[in-house]
Amino acid sequence: MAKTVVVSFATDYDIFDPDYVRDPAPMWEQLRSSCPIAHSDRYGGSWLPTRYADVTAIAHDVEHFSSRNVGVVPPDELDDGMLPAGLPPISVDPPLHTWSRRLLLPWFSHTRVAVYEGTTRALCAQLAERIAERGSGDAAVEYAQQIPARVIAGVLGVPPDLADTFTGWVRDVLEFAHDAERRNLGRNELVAYLMTQIEQRKSAPGDDLISSLLHTEVDGEPVPDAHVLGTAALTLIAGVDTTWSSIGSALWHLATNPGDRERLVAEPDLIPVAIEELLRAYSPVTMARIVADDVEVAGCPMKSGDRVLLNFPAANRDPEQFPEADQVIIDRSQNRHVAFGVGIHRCAGSNLARMELLVAIQEWLKAIPNFSLDSSADVTWAGGQVRGPRTIPVVVG
Amino acid sequence: MRIIVDPDRCQGHSRCYSLAPMLFDVDDYGQSTALNDGLVPDEHVVLARLAMQNCPEMAISIIEDQ
């Protein structure tokens, strides 16, 4: 796709622009003081709020802002039909949202997440040890990227050794959302795979999310296959890129801020607090809403059908909400960040994501307490729907 | 001190439960409730305030002792 140079952030921002993807915070700061809800015609057009108050108000207003399409890039005609029920509950509004979310939540309760902690810890320790022994490695590709796909495979009851395949599909769908051909190819393979898994579990159920959905009744009726497919696809899509990006951003921060790294090594009890601050400062996820009814927000006339980007990452850098918002204060104790969203669509997997992030940082610092960026190679970033580092070359010691 | 969780505001972030499991419980759907009728023992008042200050939904309120 041919790109033109962004002239004005307020009227022409580009969420896939490499400079924005690498470091979006300066643009948000500029917008907050000049045009706190920007608009751009790129990628089908969208509004971009940058203040905490506006982002959270829109997220809570489910009457004016529908979740019927949450992609930062609009779907095209090729998207029709592959996921006929969408990706419930993330892509639906009440009342459908209410029961579809209740089916999903127990799979990510504290009790359930505790079941996955042991295997996650063993996996992280093994991956970190490999990098420690070699003395160098890629903290994104060889560590962060390897963790969530295997954990989510456990939830879905699919083989963890297909993790790289799952990661590839999810990258196609999210990271390359602006490349319709690649997005559709990845999405179609993902759907075909899950449909096979659904058929297998009809006759041979296991202790997994797909089996549970297939054998649950809502109001005396079985959950339709298309709904099971949508929720399974959501679990895979939302559970991989997001958590991997968070783990990667956290390790990138620790590689580039030796003071914070040394403090967490010396005070491991501080890691849970630090995790929340790193989630705030490097929030990976931007969701979208579709305006359901004409509405004005902070003077901006939003029309029915308009796309609005729920810029949680920018909200979390708003100095009106967070003192020294652009500084990582590793022991920040008051932290109402919205990295997992707010309102009825709060990330259903947030308990699982937090466990993975915590365990990943604990095990990395145990095996590799001293590390820094490899100055001979580049850190690369991806952005759009999910922002995070894609390569983090590090040297140990 | 007494803590109150507004069940309509709570969306199951579990920040309160993670920070102060001795003061809150959460069910399988993430819904938080205050334990012990919300009464906070003196040794936990700091944690209770921390839980309130970290709730992204502003679902927790505190009634201080007179």
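Residues numbered from 1 in each chain as written. Chains lettered and ligands numbered in written order. Predicted model: local features only at pLDDT ≥ 70, side-chain atom pairs only at ≥ 80, totals over all residues.

Participant: Got a minute to help me understand unusual backbone geometry in this structure?
Facilitator: Leaving glycine aside, a negative phi is the common case for residues, and trans is the common case for peptide bonds. Residue and element names in this part refer to chain A. Here the bond from Pro88 into Pro89 is cis, since omega is 5 degrees, no more than 30 degrees from zero. With respect to the secondary-structure elements, Pro89 resides in the loop between β3 (65-66) and α5 (96-104). Omega for the bond connecting Pro94 with Pro95 falls within 30 degrees of zero, at 5 degrees, which places this linkage in the cis form. For Tyr43, which is not a glycine, the phi torsion comes out positive at approximately 50 degrees. (Helix = DSSP H or I, 4+ residues; strand = E, 2+ residues; numbered from the N terminus.)

Participant: Could you clarify how one ought to interpret the sheet that holds strand β11 (residues 371-373) of chain A in this entry?
Facilitator: Each strand in a sheet pairs with its neighbour through backbone hydrogen bonds, running either in the same direction (parallel) or in the opposite one (antiparallel). Residue and element names in this part refer to chain A. Overall, antiparallel pairing links the three strands, which are arranged β4-β14-β11 in an open sheet. Either end of the sheet is taken by a strand with one partner, and the two such strands are β4 (136-138) and β11. Ignoring strand direction, the axes of neighbouring strands in this sheet form an average angle of 30 degrees. Here β4 pairs with strand β14 (residues 393-396) via three bridges, running antiparallel. When the bridges of β14 are listed, Gly137 appears paired with Val394. (Pairing = 2+ DSSP bridges. Axes fitted to C-alpha atoms, helices over the stretch in contact; angles between N-to-C directions.)

Participant: Where do I start with the interface of chain B and chain A in this structure?
Facilitator: Frequently, the measure chosen for interface size is the accessible area that the parts lose on association. With 14 residues of chain B at the interface, the matching set in chain A holds 19 residues. Of the residues that constitute the side of chain B that touches chain A, the class distribution is five nonpolar, seven polar and two charged. (Contact = placed C-beta atoms within 7 Å. Nonpolar A, V, L, I, M, F, W, Y, C, P; charged D, E, K, R; others polar.)

Participant: What's the story with the pairing of strand β7 (residues 287-291) of chain A in this structure? I'm lost.
Facilitator: Along any regular strand the residues' side chains alternate between the sheet's two faces. Residue and element names in this part refer to chain A. Taken together, the two bridges between β3 and β7 define a ladder with antiparallel strand orientation. Pairing of Ser66 across the sheet is with Ile290, part of β7. The pairing of β7 with strand β10 (residues 307-310) spans four bridges and is classified as antiparallel. What sits directly across from Ile290, in β10, is Arg307.

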